[in-house]
Amino acid sequence: MTRRHSTTVVAALATALVLSACGGGGDPLQEDDAPATGGGGESALVIGSANFPENVLLAEIYAAALGDAGVEVTTNLNIGNREAYMAGLEDGSIDLIPEYTGNLTLFLNESAEATESEEVYAELQESLPENLTVLDMAAAEDKDSVVVTSETAEEFGLSTIADLKPHAPNMVLGGPPEWRDRFTGVPGLQEVYGLEFSEFKPLDAGSTLTVQALVNGQIDAGNIFSTDPAIAENEFVVLEDPEHLFAAQNVVPLIATDKVTPEIETALNEVSASLTTENLTEMMVKVQDTDPADVAREFVDGL
Amino acid sequence: MIATIWAWLSDPTNWAGAGGIPAQSLEHLRLSLIALLAAALVAVPIGLYVGHTGRGRVVLVNVVSAFRAIPSLGVLFIAALLLLPHLRGNLAFELPSLIVLAVLGIPPILSGVYAGIEQVDPAARDAARGMGMTGWQRLWQVEVPCALPLICSGLRSSMMQIIATATIAAVVGLGGLGRFLIDGQANRKYDEMAGGAILVALLALVVDIVFSLVQRAVVSPGLASRGRT
């Protein structure tokens, strides 16, 4: 069965691809043009996904929820980056894909400026072409975040990024090397929050090294994606972003306008209403050693 | 392209401060020299022993070629993740990098020392023995001086490899010229990347010239004409 097959491949590719596709980055470098050829019958709704585990999980959740609602669905998972699957939506080889509000808006409209959830969602709806529609967004967000250990948070009484200001000169910040110049990185933290860290330590290789360095005290604050399972595993504290430096990245179903039916809309809006960053993160922990389809099934059964 | 690289290299702001070209070059050199020293501390005694006694030659040749096949980046990640929980501060990143670089630097020194000692003219050895020199005296007063050209070339080629590979220290957040390569790529500043690559090559060249001058100074003039490669 092709669906089983592609989920296995996903697990293998998983970690390396997480960074390239999600989060505040924008256009990933790789030009992975896996052709998005749709499967299934004429009328079946084809659900696609990007090539990283969280997006595959979300696509499986949509598939399970729509299946329960009596909609005939097929999946075409792990297509590639945004450039690749947006082309698939255009040519009709896929009809529905889980997306993230902030990055999708930036993809459609380079001059997008909103960073707060509702505003980003409004800007997204303005930027969408006629043939594409977004349904309700979920509270769940996968975006850049600044995290500290629970000890650090307790010691300095930290709950937002702004609280770091008096302590930053004695702290080392860790994150991916692109944070050095990117506005949603060191320059933005300085400009928006006035944070002057004693040092910025660029750490490559995904979040693994950042997580380890944070646990062991080589860095005091680090940049990790908000749905990273390591946050729960290590009891890190995600600092709030009151000034909305990091654009909102709420999970949202992006669907071909002519495929929208009331059943689909109801089913997907029900999913979005229950999806939070917390339960998405919990599911991401499970996905590490369970088939995403099973994790998705369990979630949808609990709705 | 060449113009933008030159613009990056000649921009005074890139030469200033803790992240500037001179500071990163020095850091690169510091890491490389420590790694070379560590590699030499391991490789020279073993090479001398095997060359002098002729024992363990087969093992040595095999170990040397096996060492050459170790993938540096993989070892770096494993070492960093294993050592990180046990070390404080910057040492946690520096030690794994130094281990990787030292491991990389061992084979050329080992084969240089061993080959140098082994290929000493048997007539010179016999003469030393005939003069009643002990094993230590023969090693230090005859074999090592005669082997110096090859020992030096082993050290030089080890240093070249270490300098070229020390760029990977930037992957785990350390300084050095690798910063320009990694940060340049991450921030899509290809002039910075290319400039960093040129600087690594230049540093390797300068260091090799310095080493060759040292070699000229320490190698006996009697050998210099014959042993230089």
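These numbers were taken from a predicted model, which means no experiment stands behind them. Numbers given for residues are sequential positions, taken from 1 along each chain in its written order. The order in which chains are written sets their letters, starting at A; the order in which ligands are written sets their numbers, starting at 1. Reporting in this predicted model follows two pLDDT cut-offs: at least 70 for local features of residues, and 80 or more for side-chain atom pairs to be given and counted; totals over whole chains, interfaces and linings ignore these cut-offs and use all residues.

### What about the overall build of chain A?
Stage number 1. Secondary structure is summarised from DSSP: a helix means a run of H or I of at least four residues, a strand means a run of E of at least two, and numbering begins at the N terminus for each. When helices and strands are tallied, chain A shows 12 helices and 10 strands.
Stage number 2. Buried residues are those with 20 or more other C-beta atoms within 10 Å of their own C-beta, exposed residues have 12 or fewer, and partly exposed residues lie in between; C-beta atoms are placed from the backbone. Evaluated residue by residue, chain A yields a buried proportion of 50% over its 303 residues.
Stage number 3. Any residue pair is listed as a contact if its two C-beta atoms, each placed from the backbone, are within 7 Å. For chain A, the proportion of contacts with a sequence separation of at least 24, taken over those separated by at least 6, is 78%.

### Some remarks on the overall build of chain B
Stage number 1. In terms of helices and strands, chain B carries 10 helices and zero strands.
Stage number 2. From first element to last, N terminus to C terminus, chain B shows the α and β order α-α-α-α-α-α-α-α-α-α.
Stage number 3. Seen through its principal axes, chain B has C-alpha atoms that stretch 65 × 40 × 25 Å.
Stage number 4. The buried share of chain B, taken over its 229 residues, is 39%.
Stage number 5. Restricting to contacts in chain B with at least 6 residues of sequence separation, those with at least 24 account for 73%.

### Considerations on helix α8 (residues 208–215) of chain A
Stage number 1. Of all eight residues making up α8(A), six are buried, and the element is well covered by its neighbours.
Stage number 2. A:Leu209, A:Thr210, A:Val211, A:Gln212, A:Ala213 and A:Leu214 are the residues of α8(A) that are buried.
Stage number 3. Residues of α8(A) that are buried sit in contact with β5 (144–149), β6 (172–175), β8 (221–225), α9 (229–233) and β9 (236–238) of chain A together with α4 (72–83) of chain B.
Stage number 4. One or two residues past the end of α8(A) sits A:Gly217, with phi positive at roughly 85 degrees.

### Some thoughts on the interface of chain B and chain A
Stage number 1. In this assembly, 15 residues from chain B lie in contact with 15 residues from chain A.
Stage number 2. Residue assignment for the side of chain B that touches chain A shows that the elements contributing at least two residues are α4, α5 (91–118) and α8 (178–186) of chain B.
Stage number 3. The nonpolar class holds Ala, Val, Leu, Ile, Met, Phe, Trp, Tyr, Cys and Pro. Asp, Glu, Lys and Arg form the charged class, and all remaining residues, Gly among them, are polar. Across the side of chain B that touches chain A, the residue classes break down as 11 nonpolar, three polar and one charged.

### Observations concerning the sheet that holds β6(A)
Residues and elements named next belong to chain A.
Stage number 1. Think of it this way: DSSP has to see at least two bridges between two strands before they count as a pair. Strand order in the open sheet made by the five strands is β7-β6-β8-β5-β9, with mixed pairing throughout. Edge strands, defined here as strands with exactly one partner in the open sheet, are β7 (199–202) and β9. Within the sheet, the average angular offset between the axes of one strand and its neighbour, ignoring direction, is 35 degrees.
Stage number 2. Of the strand pairs in this sheet, β6 and β8 are connected by two bridges, and their pairing is parallel. By the bridge assignment for β8, Leu173 is matched with Ala221. Only the stretch in contact is used when a helix axis is fitted, and all axes are lines through C-alpha atoms; the angle between N-to-C directions ranges over 0 to 180 degrees.

### A look at the packing of α4(B) against α5(B)
Residues and elements named next belong to chain B.
Stage number 1. Put simply, α4 and α5 touch, their axes get as near as 9 Å, and they point 145 degrees apart. Like other packed secondary-structure pairs, α4 and α5 cross with a definite hand, here right-handed. Contacts between α4 and α5 pair Ser72, Val75, Leu76, Ala79, Ala80 and Leu83 from the former with Ala92, Phe93, Leu95, Pro96, Ser97, Ile99, Val100, Val103 and Leu104 from the latter.
Stage number 2. Partitioning the contact of α4 with α5 into residue classes produces 13 nonpolar, two polar and no charged. Left-handed describes a crossing in which the near helix is turned anticlockwise from the far one by less than a right angle; the clockwise case is right-handed.

### Comments concerning the pairing of strand β3 (residues 96–100) of chain A
All names here are of chain A.
Stage number 1. Burial of β3 is extensive: five of the five residues sit out of reach of the surface.
Stage number 2. Burial of the side chains of β3 extends over both faces: Leu96, Pro98 and Tyr100 are buried on one face and Ile97 and Glu99 on the other.
Stage number 3. Alignment of β3 against strand β10 (residues 251–256), held across five bridges, turns out to be antiparallel. Paired with Tyr100 across the two strands is Val251, which belongs to β10.

### Structural notes on the environment of B:Gly196
Stage number 1. You can see B:Gly196 is positioned in helix α9 (residues 190–218).
Stage number 2. Counting along the chain gives 79 residues from B:Gly196 to B:Ile117, while the straight-line C-alpha distance between them is 38 Å.

### Thoughts on the packing of helix α1 (residues 2–10) of chain B against α9(B)
Residues and elements named next belong to chain B.
Stage number 1. Two numbers describe how α1 lies on α9: the axes approach to 8 Å, and their chain directions differ by 70 degrees. When the axes of α1 and α9 are compared, the pair comes out roughly perpendicular. Residues Thr4, Ile5, Ala7, Trp8 and Leu9 of α1 form the contact with α9, whose participating residues are Asp191, Glu192, Ala194, Gly195 and Ile198. For classification, angles of less than 35 degrees are called roughly parallel, those exceeding 145 degrees roughly antiparallel, those between 65 and 115 degrees roughly perpendicular, and all remaining angles oblique.

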